[in-house]
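# Structural overview
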Amino acid sequence: MVVAISLVFFIASFFALFEEKLAKDKWYVYILLGIALIVIATVKPLGVDNDSYTYEDYFFNYDSPIFENTVEFSYLWLSKLFYHAFKDVHYVFFVYALLGVTIKFLAFKRLSPMPFLVVSVYVCTSYVLHEFTQIRAGVATGFILLSLKPMIEGRKLHAVGYILLAFVFHYSSILALPLLLLSNNELTKRDRMKWVVFMLSGYVIYFLHIQLAALPIPYIGDKLEGYQNLKDQGFMDEVNVFNLVYLTKIAIFCYLMYFYDTIREHNKYFPFMMKIFSLSLFCFTALSSVPAICFRVSELYGIVSLILYTNIYYTIRPSWLGKLTVIAISFTLFCITVFYNKLIQY
């Protein structure tokens, strides 16, 4: 699996180096890359990732009352449909991979003039985490990406529609609604500093040991308390808020903010995306007392990093070196994520 994913990455990276000069035929390659990623996520052997056995359990026990309130009805409905027809969870994997990859590929084309470069970043980061592992979140984050453009352009109802579709596949997607309050207005130097400070302030909550599970919020407080109890019983590991991937993200965020004026000329959605990226990094440390929530919320907002990482290209000349830098960073994150965190077993 690692070899197959790496091959798609290198092909996407090769075309990314020349995509501005390629003819319209490049879109056939773009589509073929998407198909390859769908196939890889569909045919993966059970146990090759951290979640496939859990999804198989949901599949065979779709009618269990235990899962009614914890697993999205869309997954249970698809499980019921394919269980009676094929009795093989891989058909559910196919539907989720088809939706997750297709929606994201559409979003890449809408949000970036360099979709092949975005695919290179995606294969090394979000694909392994979502389409290959957390498949429900994979579809949801795809719809969140699609919601960004109408959100920025003031088409709020369209954005809400995409968020509600995301909610069907992962309940945490409802947390994307507050993004409607953000604007794409220019960031002054003072504003940029405020968002950097906000991002780092998550560490203040971490060091003060503020337990969010104690918040008196109906239902949400109960859920947080349940996760806290699981952590106390040893079912959840402590979150390392100084892990290499997170620190790399902080460094990239600060680098992008430093070159704000340069990047803003090329990415008209840059202020909006940077605010969401800041929120993602803040949530990772601020919510670290409850690991399940910490990762889920941070990854939901962090989907914008797929576009933002490619913006490093605009800050480095010659252009080929800029693209190679983005590709090298992506592949480094891939190695750390896959081998260090053991997301793929073989």
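Criteria and cut-off values
Residues numbered from 1 in each chain as written. Predicted model: local features only at pLDDT ≥ 70, side-chain atom pairs only at ≥ 80, totals over all residues. Heavy atoms only, no water. pLDDT = per-residue confidence, 0-100. Contact = heavy atoms within 4.5 Å. Helix = DSSP H or I, 4+ residues; strand = E, 2+ residues; numbered from the N terminus. Phe/Tyr/Trp six-rings, centres within 6.5 Å; stacked < 30°, edge-to-face > 60°. Buried < 20%, exposed > 50% of the residue type's maximum accessible area, 1.4 Å probe, protein only. Expected span 1.5 Å × (residues − 1). Patch = residues over 30% accessible without salt bridge, like charges linked within 9 Å, V, L, I, M, F, W, Y side chains within 5 Å. Areas by Shrake-Rupley, 256 points an atom, 1.4 Å probe, with all protein chains shown as cover. Salt bridge = Lys/Arg side-chain N within 4 Å of Asp/Glu carboxyl O. Axes fitted to C-alpha atoms, helices over the stretch in contact; angles between N-to-C directions. Parallel < 35°, antiparallel > 145°, perpendicular 65-115°, else oblique. Left-handed = near helix turned anticlockwise from the far one by under 90°. Nonpolar A, V, L, I, M, F, W, Y, C, P; charged D, E, K, R; others polar. Polar contact = N/O pair within 3.5 Å; in protein donor to acceptor, adjacent residues only side chain to side chain.

### Describing the confidence of the model for the protein
Of all residues in the protein, 90% have pLDDT values of 70 or greater, and the mean over the chain is 90. pLDDT under 50 marks residues 217-222. Its contacts with residues more than four places away, or in other chains, come to three contacts.

### Remarks on the environment of Leu37
Along the chain, Leu37 falls in helix H2 (residues 26-43). Between the alpha carbons of Leu37 and Phe253 there is a distance of 28 Å; along the sequence they are 216 residues apart. If we skip the residues at most four places from it in the chain, Leu37 touches Val8, Val101, Phe105, Tyr122, Val123 and Tyr127.

### Quick word on the packing of aromatic side chains
Across all of its chains, the model carries 47 aromatic pairs by this definition. Between the aromatic rings of Phe60 and Tyr83, the centroid separation amounts to 5.9 Å while the plane-to-plane angle is 90°, which identifies the pairing as edge-to-face. Of the two residues, Phe60 sits in helix H3 (residues 52-60) while Tyr83 sits in helix H4 (residues 73-85), which places them 23 residues apart along the sequence. Judged by its relative accessible area of 22%, Tyr83 is partly exposed. Centre to centre, the rings of Phe253 and Phe277 are 5.7 Å apart; their planes meet at 70°, and the pair counts as edge-to-face. In this pair, Phe253 is assigned in helix H13 (residues 244-258) and Phe277 in helix H15 (residues 270-286), connecting sequence segments 24 residues apart.

### Remarks on helix H8 (residues 135-152)
Taking 1.5 Å per residue, 18 residues should reach 26 Å; H8 reaches 27 Å between its end C-alpha atoms and fits that length. For H8, a buried count of 17 out of 18 residues is recorded, marking the element as mostly surrounded by other parts of the structure. A positive phi of about 85° marks Gly154, the residue just after H8.

### Quick word on a nonpolar patch on the surface
Taken together, the side chains of Ile31, Leu32, Ile35, Val39 and Val43 make up a nonpolar region of the molecular surface, amounting to roughly 450 Å² of accessible area. Relative to the helices and strands, Val43 is located in helix H2.

### Some thoughts on the packing of helix H5 (residues 90-111) against H8
Packing of H5 against H8 leaves a shortest axis separation of 8 Å and a crossing angle of 25°. Relative to H8, the element H5 is oriented roughly parallel. Taken as a pair, H5 and H8 cross one another with a handedness that is left-handed. Facing H5, whose interface residues are Phe93, Tyr96, Leu99, Gly100, Ile103, Lys104, Leu106, Ala107, Phe108, Arg110 and Leu111, H8 presents Ile135, Arg136, Gly138, Val139, Thr141, Gly142, Phe143, Leu145, Leu146, Leu148 and Lys149. Looking at the contact of H5 with H8 residue by residue, the class counts come to 14 nonpolar, four polar and four charged.

### Describing the side chain of Asn243
For Asn243, the location among the structural elements is in the loop between helix H12 (220-232) and H13. One polar contact links the side chain of Asn243 to the main-chain carbonyl oxygen of Asn240, over a distance of 2.7 Å.

### A look at the environment of Phe82
Here Phe82 shows up in helix H4. The spacing of Phe82 and Tyr30 is 52 residues in sequence and 30 Å in space, taken between C-alpha atoms. The residues touching Phe82, leaving out its near neighbours within four places in the chain, are Phe59, Lys87, Asp88, Tyr91, Val92 and Val95.

### Some remarks on the environment of Thr133
Considering the arrangement of structural elements, one finds Thr133 in the loop between helix H7 (126-129) and H8. A relative accessible area of 2% places Thr133 in the buried class. Between the alpha carbons of Thr133 and Arg192 there is a distance of 34 Å; along the sequence they are 59 residues apart.

### Here we look at the pattern of salt bridges
A complete count under the given rule lists seven salt bridges for this structure. Its salt-bridge partner being Glu186, residue Arg264 comes within 3.1 Å of it at the nearest N-O pair. One end of the pair, Arg264, is in helix H14 (residues 260-264); the other, Glu186, is in the loop between helix H9 (156-169) and helix H10 (189-200), with 78 residues separating them in the sequence. We classify Arg264 as buried; its relative accessible area is 18%. The class for Glu186 is partly exposed, based on a relative accessible area of 48%. A salt bridge links Asp261 to Arg192; the shortest N-O distance between them is 3.1 Å. Of this pair, Asp261 sits in helix H14 while Arg192 is found in helix H10, placing the two residues 69 residues apart along the sequence. Looking at Asp261, the relative accessible area reads 45%, which means it is partly exposed. By relative accessible area, which is 12% here, Arg192 ends up buried.

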